[in-house]
Each structure stands twice: as C-alpha cells, then as structure tokens.
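Chains, contacts and geometry: an overview
In case you want the letters, here they are:
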Amino acid sequence: MDQLRAYKALLRKFGKQGWWPAKSRFEVVAGAILTQNTNWRNVEKAIGNLRKARMLNAGKIARAGKRKIEELIRPSGFYRQKAGRLKDVARWFVSADKNRDTGELREELLSIKGVGMETADSILLYALGRPVFVIDAYTKRMCGRHGIRRTGYEGYRAFFEKNLPKEVELYKEFHALIVELGKRYCRKKPVCEGCPLRALLFSSYPLKHVIQH
DNA sequence: AGCCAGGACTGAG
DNA sequence: CTCAGTCATGGC
C-alpha cells in the first residue's frame, strides 16, 4: 500500500522499536503515567524501584500509602502528583472490566484526573491492544512541518486512523518510530535540521492526497 | 550550565 | 482554542 511508504521508510531507517517493553499490562499502565513529560530513562528507574519493592502490581499500589509510592517513583519527577494519579489508575485497573467497547473504556480513562488523551490512548493501544493511534507533540510537529494541519488532538488522531489500515501492530510501531525520529531531529526547533528523512517524508508522505487541499 | 523529556491541569485572554 | 505557569528529577 502506498500509504505506508513513510512508515516503511522509518522502519527501514530505525528498525523495529518493539514498544512497549513490559512484563505485564499494568506495567504499561504505570509507565504511561510515569512517562508524562519525563525522560524514559528516569521512568525505568522508577519502575525498577517499584519492581524491587514488589509493588509493580495494581492491587498493591491501590492499597499502598501515598508516601511510600512517592519515594519509589521519585526519579520520574512530579512524584507527588504522579503518586496520586498512579493510585487512581491502579484502582481503576483492579476493578474495571476490560472486555468492553473501546470508546467506553476511553471515556472512563479520561474521567480519571491526570489521564489526558495521550495517556489514555497509550494505555488503550499498548496495554489493552486496541486500535487507537497515539498522538504526541512529535506527531503534531512532524505533521505541521509537512503541511498537515488539524485542530486539536482529535483532529490529528482522526487523520491517522482514517488513512491507515486499522491494525494494532502498525499503530504501535508507527507511533514509536515517530517518537524515535522526533527525539533525534524534531525537538523544540523551528525545523527538522539535519533530518535525513526530511526530503523523503515531504515527497512521499503516506497521506499525501490529504495534504493537497 | 542549562535545556528538556514518550503531559495534564488550571486559569487567562 | 491557544497560551503560560505549575509540577520535579536526572541525563547529556
């Protein structure tokens, strides 16, 4: 399919990313909270602390004292906020029926304070295996630099979901690859200077037909 | 020495 | 809806 050219180009350039490295679904959920505006390395430390303390478990976190959680996740930053959010999400994870409609689960996740759209979608895609395309700052930045403009998070999500095959594995890898590309070349700068894929993406972006109006 | 990371919330224009 | 301030640690 011609629409997957940019994806394939990224895959060829960076290889399979294999997101999300975790031993359980809840580990993905915890990571989704801890990684909010935080370097993934710091998240790994926090998760490592939880694991060593044998606290990497929804029931235990939901039940644990907030102060104890704060100590364990301190390396991930914003630890006071995140401790509370982590407990709330853990409580949800324990009692929620995950065999339900994706939209219903999404609304429920969004109703939790501290869970925004990107975090909710990351949980849906990487922990629950639902076909939801995750949008982040890199994705918007990349789109903007290639003439694709939409309003709000949902605008960009609809754009990707309507123009890509509805495949979970594709969504997982594509998002991870966009992040990888962004980390290297599309940080908070006006343009992607030095990006080896710039010309390629500009001329063969998978959703090219949408760009033209 | 800063800058910023796999955000979300609140309040303001 | 967009923007700025806030939350906080650690790597490069």
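Please read all numbers here as calculations on a predicted model, not as lab measurements. (Residues numbered from 1 in each chain as written. Chains lettered and ligands numbered in written order. Predicted model: local features only at pLDDT ≥ 70, side-chain atom pairs only at ≥ 80, totals over all residues. Heavy atoms only, no water.)

Regarding the domain arrangement of chain A
Going by this rule: Where each domain begins and ends follows an automated or database-derived domain assignment. The contact criterion used is simple: two residues touch if any of their non-hydrogen atoms lie within 4.5 Å. The buried area of a pairing is the accessible area, by a 1.4 Å probe, that goes missing from both parts when the two are put together, added over both. Note on definitions: salt bridges are taken to be side-chain nitrogens of Lys or Arg within 4 Å of carboxyl oxygens of Asp or Glu. Within 3.5 Å is the distance limit for a polar contact, defined as a pair of N or O atoms, with the added protein rule that one can donate a hydrogen and the other accept it, and that residues adjacent in sequence qualify only through two side-chain atoms. Each helix is a run of DSSP H or I of at least 4 residues and each strand a run of E of at least 2, with the numbering of both proceeding from the N terminus.
Here chain A is partitioned into domain 1 (3–17 + 134–211) and domain 2 (25–127). Taken together, the 11 residues of domain 1 in the interface contact 7 residues of domain 2. Summed over both sides, the interface of domain 1 with domain 2 buries roughly 830 Å², with 63% coming from carbon and sulfur. Counting the surface domain 1 buries against domain 2, the share from its top three residues, Val 134, Tyr 153 and Lys 172, is 57%. Across the domain 1-domain 2 interface, the total number found is 1 salt bridge. For Arg 106, the salt bridge goes to Glu 154, with nearest N and O atoms at 2.9 Å. Remark: the boundary between domain 1 and domain 2 carries 3 residue pairs in polar contact (both at pLDDT 80 or more). Counting only elements with at least two residues in the side of domain 1 that touches domain 2, the list comes to helix 10 (152–163) and helix 11 (168–185).

Describing the protein's contact with DNA strand C
Quick note on the threshold: Here a residue is near a molecule or strand as soon as one of its heavy atoms is found within 4 Å of it. Here the term charged refers only to Asp, Glu, Lys and Arg, the term nonpolar to Ala, Val, Leu, Ile, Met, Phe, Trp, Tyr, Cys and Pro, and the term polar to all other amino acids, Gly among them.
Taken together, the residues surrounding DNA strand C are Asn 37, Arg 41, Asn 42, Lys 45, Arg 74, Pro 75, Gly 77, Phe 78, Tyr 79, Arg 80 and Gln 81. Here DNA strand C approaches the protein such that, of its atoms within 4 Å, sugar and phosphate make up 63%. Separating a phosphate oxygen of DNA strand C from a side-chain N or O atom of Arg 80 is a distance of 2.4 Å. Only helix 3 (40–52) and helix 6 (79–95) provide two or more residues apiece to the surface near DNA strand C. Of the residues contributing to the surface near DNA strand C, the split by class is 3 nonpolar, 4 polar and 4 charged.

Description of the protein's contact with DNA strand B
Taken together, 23 residues lie around DNA strand B, and Trp 20, Asn 37, Gly 114, Gly 116 and Thr 119 are the ones closest in. Across the atoms of DNA strand B situated within 4 Å of the protein, the share located in sugar and phosphate is 57%. Side-chain polar atom of Thr 119 to a phosphate oxygen of DNA strand B: 2.8 Å apart, as the coordinates give it. Breaking the surface near DNA strand B down by element, the ones donating at least two residues are helix 6, helix 8 (117–127) and helix 11. For the surface near DNA strand B, the element with the highest residue contribution is helix 8, accounting for 3 residues.

Focus on the pattern of salt bridges
Rule in force here: The cut-offs for exposure are 20% and 50% of the maximum accessible area for each residue type, with area from a 1.4 Å probe on protein chains only; residues under the lower value are buried, those over the upper are exposed, and the others partly exposed.
The tally for this structure, following the rule as stated, stands at 11 salt bridges. In this structure, Glu 27 and Arg 51 form a salt bridge, with 2.8 Å as the shortest nitrogen-oxygen distance. Taken together, the residues span a long stretch of sequence, with Glu 27 in helix 2 (residues 25–34) and Arg 51 in helix 3 at a distance of 24 residues. Assessed through its relative accessible area of 8%, Glu 27 is described here as buried. Bridged by salt links that share partners, the residues Arg 106, Asp 121, Glu 154, Arg 157 and Glu 161 form one connected network.

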